[in-house]
Amino acid sequence: MEKLDLKVLWIDNEIDLLDIAKNIIINCGYIPLLANSPEEGIKIFKEEMPNIVLVLSDYMMPGMNGFELRNETLSFGMAIPFGIVSAYVTKQMALDALSLKICGFFDKPFKSEQMIELIKKESESRAL
């Protein structure tokens, strides 16, 4: 059952992971928006902003990392929850995330059940 037309945007340059992400988002009751590059993610973000309840982004991508991508989304003036999916998080990354209002770091590779719980929790404030 979809929650009206609420959407989760997931940006990752690994296409195989986006297939898994699509199913996870659907299982959360949201419409998946998938992008395999930061540039494509920004384009989708601008078009779909009012309906996006959460953005998840890989940290390491060609051309732009997840923090740079978050900074771009903040420039549009809408504070949509934004999480980073990464296999490795340093203490410095965690500190830098505070100023960018990153809602959390999500382990990669991820477990579907855990991601469903995390997506539901992090999207809750915008899904009301």
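Scroll up a little and you will see the structure.
Below or above, wherever it landed, is the structure these notes cover. (Residues numbered from 1 in each chain as written. Predicted model: local features only at pLDDT ≥ 70, side-chain atom pairs only at ≥ 80, totals over all residues. Heavy atoms only, no water.)

Once that is clear, we can look at the overall build of the chain. Assigned secondary structure in the chain consists of five helices and five strands. Counting from the amino terminus, the chain carries its helices and strands in the arrangement β-α-β-α-β-α-β-α-β-α. Computed over the C-alpha atoms, the radius of gyration of the chain is 13 Å, within 12% of the 14 Å expected from 2.2 N^0.38 for a compact globule of 128 residues. Overall, the C-alpha framework of the chain stretches about 40 × 30 × 25 Å when taken along its three principal axes. With 128 residues in all, the chain has 48% of them scored as buried. As presented, the chain carries roughly 6900 Å² of accessible surface, and 54% of it is formed by carbon and sulfur atoms. One finds the centroid of the 13 positive side-chain charges in the chain at a distance of 5 Å from the centroid of its 19 negative side-chain charges. (Helix = DSSP H or I, 4+ residues; strand = E, 2+ residues; numbered from the N terminus. Rg over C-alpha atoms; globule rule 2.2 N^0.38 Å. Buried < 20%, exposed > 50% of the residue type's maximum accessible area, 1.4 Å probe, protein only. Areas by Shrake-Rupley, 256 points an atom, 1.4 Å probe, with all protein chains shown as cover. Lys, Arg positive; Asp, Glu negative; His and termini not counted. Charge placed at Lys NZ, Arg CZ, Asp CG, Glu CD.)

Attention now goes to the pattern of salt bridges. Summed over all chains, the structure comprises six salt bridges. Linking aspartate 58 and lysine 108 is a salt bridge whose minimum nitrogen-to-oxygen distance equals 3.0 Å. In this pair, aspartate 58 sits in strand S3 (residues 52–58) while lysine 108 sits in the loop between strand S5 (104–107) and helix H5 (112–127), placing the two residues 50 residues apart along the sequence. You can call aspartate 58 buried: its relative accessible area is 4%. We classify lysine 108 as buried; its relative accessible area is 12%. In this structure, a network of salt bridges that share partners links the residues Asp12, Glu14, Asp58 and Lys108. (Salt bridge = Lys/Arg side-chain N within 4 Å of Asp/Glu carboxyl O.)

The interhelical angle for the contact between helix H1 (residues 15–27) and H5, taken along N-to-C directions, is 55°, at an axis separation of 9 Å. With respect to each other, H1 and H5 are oriented oblique. The hand of the H1/H5 crossing is right-handed. The residues of H5 that touch H1, namely those facing Ile20, Ile24, Ile25 and Asn27, are Ser112, Met115, Ile116, Ile119 and Lys120. Class assignment for the residues of the contact of H1 with H5 results in six nonpolar, two polar and one charged. (Axes fitted to C-alpha atoms, helices over the stretch in contact; angles between N-to-C directions. Parallel < 35°, antiparallel > 145°, perpendicular 65-115°, else oblique. Left-handed = near helix turned anticlockwise from the far one by under 90°. Contact = heavy atoms within 4.5 Å. Nonpolar A, V, L, I, M, F, W, Y, C, P; charged D, E, K, R; others polar.)

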